[in-house]
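Results of the structural survey
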Amino acid sequence: MIDKVLIANRGEIALRIIRACREMGIETVAIHSTADADAMHTRLADASICIGPPAAAESYLNKVAILAAAEISGANAIHPGYGFLAENADFAEMVIEHGLTFIGPSPDHIRLMGDKIQAKETMKARGVPVVPGTDGPVKGDVEARAAADAIGYPVLIKAVSGGGGRGMKVARNDQELDDGLRMARREAKAGFGDDRVYLEKYLERPRHIEVQVLADHHGQVVHLGERDCSLQRRHQKLVEEAPSPAIDDDLRSQIGETVSSAVADLGYQGVGTIEFLYENGQFYFIEMNTRLQVEHPVTEMITGVDLVRAQLHVARNLPLAISQADVRYEGHAIECRVNAEDPATLTPTPGTVHTYHPPGGPGVRVDSALYAGAKVPPYYDSLIAKLIVYDQSREACLKRLQRALAEYVIDGIKTGIPLLQAITQDPAFAEGDYHTGWLGEFMEGWTPPSY
Amino acid sequence: MALPLEREMPPDADAPEEVRDLLNVDTALIEKLAELLQRTGLTEIELSEGEARIRVAKQPAPVVANATLHTAAPPAAPPAQAAVEVAPARDADTDANANHPGAVRAPMVGTAYLTPEPGGDPFVSVGGEVKEGQTLLIVEAMKVMNPIRSPRSGRVASVMVGNGDPVEYDELLLIID
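Residues numbered from 1 in each chain as written. Chains lettered and ligands numbered in written order. Predicted model: local features only at pLDDT ≥ 70, side-chain atom pairs only at ≥ 80, totals over all residues. Heavy atoms only, no water.

1. A short note on the overall build of chain B
For the record, the criterion: Secondary structure elements follow DSSP: runs of H or I of four or more residues count as helices, runs of E of two or more count as strands, with numbering from the N terminus. With a 1.4 Å probe rolled over the protein chains alone, any residue whose accessible area is under 20% of its type maximum counts as buried; one over 50% counts as exposed, and the rest are partly exposed. Accessible surface area values rest on a Shrake-Rupley calculation with a 1.4 Å probe, where residue burial reflects the displayed protein chains alone.
Across its full length, chain B carries 5 helices and 10 strands. In chain B, which comprises 177 residues, the proportion classed as buried is 42%. Working note: accessible area of chain B is about 9400 Å², and carbon and sulfur atoms make up 53% of it.

2. Describing the sheet that holds strand S6 (residues 155–159) of chain A
Residues and elements named next belong to chain A. How we decide: By definition, two strands form a pair when at least two bridges between them are found by DSSP. Geometry is summarised by axes, namely lines fitted to C-alpha atoms with helices restricted to the contacting stretch, and by angles between N-to-C directions that run from 0 to 180 degrees.
The sheet built from 3 strands is open, its strands ordered S7-S6-S8 with antiparallel pairing. In this open sheet, the two strands that pair with only one neighbour each are strand S7 (169–171) and strand S8 (197–201). In this sheet, neighbouring strand axes are inclined to one another by 30° on average, regardless of whether the strands run parallel or antiparallel. Summarising the sheet, S6 and S7 pair through 3 bridges and their orientation is antiparallel. Paired with Val155 across the two strands is Ala171, which belongs to S7.

3. Things to note about empty space enclosed by the protein
Residue and element names in this part refer to chain A. To keep it simple, the criterion reads: The distinction between a cavity and a pocket rests on a 1 Å grid over the protein atoms alone: a 1.4 Å probe fits inside a cavity but cannot get out, while a pocket stays open yet meets protein on both sides within 12 Å along at least five of seven lines, and a residue with an atom within 4 Å of a point counts as lining. Grid points are joined across faces, edges and corners, and a volume is the space filled by probe spheres set on the points. We call Asp, Glu, Lys and Arg charged. Ala, Val, Leu, Ile, Met, Phe, Trp, Tyr, Cys and Pro are nonpolar, and the rest, Gly among them, are polar.
By the definition in use, this model includes 2 cavities of 30 Å³ or more. Taken as a whole, the largest cavity spans an internal volume of roughly 230 Å³. Mapped onto the lining of the largest cavity, the elements with two or more residues apiece are helix H1 (11–23), strand S18 (375–376) and strand S19 (383–391). By residue class, the composition of the lining of the largest cavity is 12 nonpolar, 1 polar and 6 charged. Taken as a whole, the second largest cavity holds about 50 Å³ of empty space. Every residue lining the second largest cavity is counted, 13 residues in all, and those nearest its centre are Ile103, Gly104, Thr290, Arg291 and Gln311.

4. Notes on helix H3 (residues 63–73) of chain A
Residue and element names in this part refer to chain A. Most of H3 is tucked away: 8 of the 11 residues are buried. Here H3 has its buried residues at Ala65, Ile66, Leu67, Ala68, Ala69, Ala70, Ile72 and Ser73. Gly74 sits one or two positions beyond H3 and adopts a positive phi of about 75°.

5. Digging into the nonpolar core
Residues and elements named next belong to chain A. Our working definition: What we call a nonpolar core is a set of buried Ala, Val, Leu, Ile, Met, Phe, Trp, Tyr and Cys residues that are connected through their side-chain atoms within 4.5 Å. Only heavy atoms matter for contacts: two residues are in contact if any of them lie within 4.5 Å across the pair.
By size, the foremost hydrophobic cluster in this structure holds 42 residues, and its most contacted members are Ile410, Ile423 and Phe442. Elements supplying a minimum of two residues to this core: strand S11 (236–242), strand S14 (332–339), S19, helix H12 (394–407), helix H13 (417–424) and helix H15 (438–444). Beyond its immediate chain neighbours, meaning those up to four positions away, Ile423 contacts Leu231, Leu238, Phe429, Trp438, Leu439 and Phe442. The next biggest cluster of nonpolar side chains, apart from the first, holds 33 residues, and it includes Val5, Ile26, Leu292 and Ala310.

6. Some words on helix H11 (residues 307–315) of chain A
Since the α-helix advances by 3.6 residues per turn, residues separated by three or four positions end up pointing in the same direction. Residue and element names in this part refer to chain A. With 9 of 9 residues buried, H11 is to be regarded as a mostly interior element. Every buried residue of H11 is listed here: Leu307, Val308, Arg309, Ala310, Gln311, Leu312, His313, Val314 and Ala315. Count one or two residues on from H11 and you reach Asn317, which has phi positive near 70°.

7. What about the state of the cysteines?
Residue and element names in this part refer to chain A. Rules: Our working definition of a disulfide is a cysteine sulfur pair at a distance within 2.5 Å.
Under the counting rule described, the total for this entry stands at 0 disulfides over all chains. Cysteine Cys336 is unpaired, with the sulfur of Cys397 as its nearest cysteine sulfur at 9.3 Å. Residue classification places Cys336 among the buried positions, given a relative accessible area of 0%.

8. Some points on the packing of H12(A) against H13(A)
Residue and element names in this part refer to chain A. Put simply, the test is: Should an angle fall under 35 degrees it is called roughly parallel, over 145 degrees roughly antiparallel, and 65 to 115 degrees roughly perpendicular, with every other angle called oblique. By the definition used in this description, the sense in which the near helix is turned from the far one sets the handedness, with an anticlockwise turn below a right angle giving left-handed and a clockwise turn giving right-handed.
Axis separation between H12 and H13 bottoms out at 10 Å; the angle between their running directions is 155°. In terms of orientation, H12 lies roughly antiparallel with respect to H13. Classified by chirality, the crossing of H13 by H12 is left-handed. Along its contact with H12, which presents Leu398, Leu401, Gln402, Leu405 and Ala406, the element H13 presents Ile417, Leu420, Gln421 and Thr424. Class assignment of the residues belonging to the contact of H12 with H13 gives a composition of 6 nonpolar, 3 polar and no charged.

9. Concerning the packing of aromatic side chains
Residue and element names in this part refer to chain A. Formally: In this analysis, rings of Phe, Tyr and Trp, with Trp reduced to its six-membered ring, are considered paired at centre separations within 6.5 Å, and the interplanar angle assigns stacked below 30 degrees, edge-to-face beyond 60, and tilted for intermediate values. Think of it as a cone above the ring: NZ of Lys or CZ of Arg counts as a charge over the ring if it is within 6 Å of the ring centre and within 35 degrees of the ring normal.
Overall, the coordinates contain 12 aromatic pairs over all chains when judged by the stated rule. Centroid distance Tyr60 to Phe84: 5.2 Å. Interplanar angle 25°. Geometry classified as stacked. Highlighted residues: Tyr60 in the loop between strand S3 (47–52) and H3 and Phe84 in the loop between strand S4 (77–79) and helix H4 (89–97), separated in sequence by 24 residues. Residue classification places Tyr60 among the buried residues on the basis of a relative accessible area of 0%. Geometrically, the ring pair formed by Tyr278 and Phe283 is tilted, given 4.8 Å between the ring centres and 50° between the ring planes. Like Tyr278, the residue Phe283 is buried in the burial classification. A connected cluster of aromatic rings, assembled from ring pairs, spans Tyr60, Phe84, Tyr379 and Tyr380. Sitting over the face of the ring of Phe429, Arg394 holds its NZ or CZ atom 5.1 Å from the ring centroid.

10. What to know about the confidence of the model for chain B
All names here are of chain B. Test applied: Per-residue confidence from the prediction method is given by pLDDT, with values spanning 0 to 100.
When pLDDT is averaged along chain B, the result is 69, and 51% of the positions lie at 70 or above. Every residue in residues 1–23 is under pLDDT 50, and counting partners more than four places away or in other chains gives 51 contacts. Predicted confidence for residues 60–93 stays below pLDDT 50, and this span has 58 contacts to residues more than four positions away or in other chains. Under the prediction, the complex receives an ipTM of 0.74, its pTM being 0.81.

11. Describing the sheet that holds S3(A)
Residue and element names in this part refer to chain A. One open sheet holds the 5 strands; their spatial order is S3-S2-S1-S4-S5, and the pairing between them is parallel. Each having just a single partner strand, S3 and strand S5 (101–102) make up the two edges of the open sheet. The strands touched by H1 within the sheet are strand S1 (4–7), strand S2 (27–33) and S4, with S1 carrying the most contacts at an inclination of about 175°. Where H3 meets the sheet, its contacts fall on S1, S2, S3 and S4, and the angle it forms with S3 comes to roughly 150°.

12. A look at the side chain of A:Glu300
All names here are of chain A. The line we're drawing: Two N or O atoms count as a polar contact when they lie within 3.5 Å, although within protein this holds only if one can serve as hydrogen donor and the other as acceptor, and sequence-adjacent residues are included solely when both atoms are side-chain atoms.
Counting through the fold element by element, Glu300 comes out in helix H10 (residues 296–303). Residue class for Glu300 comes out buried when judged on its relative accessible area of 7%. Among the polar contacts listed, one links the side chain of Glu300 to the side chain of Arg16, at a separation of 2.7 Å. Leaving out residues up to four positions away in the same chain, Glu300 has contacts with Arg16, Val305, Asp306, Leu307, Val308 and Arg365.

What follows is the structure, given as structure tokens:
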């Protein structure tokens, strides 16, 4: 029976887990590096243990130190949060070998989904739509043309050994395909010593839509609808919302059922997120995250399901208390990630917070470990707060979000709040008319107000 | 909004009875905490309710940097202020020890053993002479015994941990004069 949980994390997510544990009468143990000695999670947990120096590799990623901390504190379960060791199959395995409960899926499931090629094949075999493409490298131009016709233009030419955009070309017709193939092969040869290329459907302006699932150890799986996380910069999500402005009830249940049955077939347990690119009514699987997500609160707000409580519930081997028919979506929720960063350059701004006043009032939730006097150390992620706002409609939610952002006071360090304010005041965002490339384009024409 | 998952989980079902009762019982509080401390193997327990706050520790609080934190005011208070409040009360000797050139600190989190084997004689004792490189104690982490060696030759001025005590990273273990 889980009665004492060690939280192998820091910041807002450590607080989120401490809160859920406390509400369930479960004791908590916080771990921290010397840099986090006065961090909020060490003060709110029932016990806290210093496990290493500031560098994450020697503290929050130090598997042996974390297990030793669990041992000396008498914790019988470990919650990894997100990031750090949350998707480290070896760590999950070590936790289990030491007779503790890992609050998450099995190491095998973590490993399977951690291998992006295997993950794609696994999902494809279970009826989950993936980005159409050639199964392997294309040989001649004739074969490439036939493949491109089958996939449908535009197509993306990608190097088998590629990465970082090199050896990648977009082709919109046969002529561009011939030229693109030659250039991609040459670049790939020069860059990776391997001129093999393959073709994939090119998505011009996709949205990032992800589906939340929850599964128990008794074969029951429910999905909790989607989150729209299309507002990203350099693949970092900044604003997330649920439900997505682009998905209707039919699409939602359709993709939800597809995902649920795949997850059930895998024998997966706990919370998980299946990420898709979405364009013109079609979903394309990207990856599955085998952990709690940063943006989980928007799902909690519209479904009323506490996902961390659900994780602990599943980890205790209890059957899910809800079935798919019990899942209801009510209202609209938007989350903004407040980062310690310069809103214009997006460079991190570690330092000390002098004045702190979080927004409040109806429908406002702030998940944060900040307080006046808190230090934001330079060693870890720059996420310092999540502002989650809920209201009956998207329109009302957006107004409430603008109101809440204007209330937020974080003095002493620069934060991304001015950028979040600009985004939420943009007409395209108000229309829900945005895609994964939108924020990058938006920022090119934006300068932060002087302050 | 309904939280369907609550149905099968009565609140506090798993809270140990002593934890639930603690803050209501005034006279037996210290005794209960001491028992809990012993049973859980922790070095300290700190409880707070409203303005009231109580802390029971088995040994001198560890490293100064951390001690400041552990003894700090309730979470609502900014630590900068808390540190100021705590600082004057801090044992001057602890300050001296923390900056002592012969301070030996835990290089890892784990369990301290002062003897080479259970029931054996301790590696060192207060007042005893030690040579540089001599084993002072062991910190066990995940079944691996890590010998902690003396950084210099001298005399053992004090030993801050007990046999079998859990130790945090960077915790002050002993002082070599």
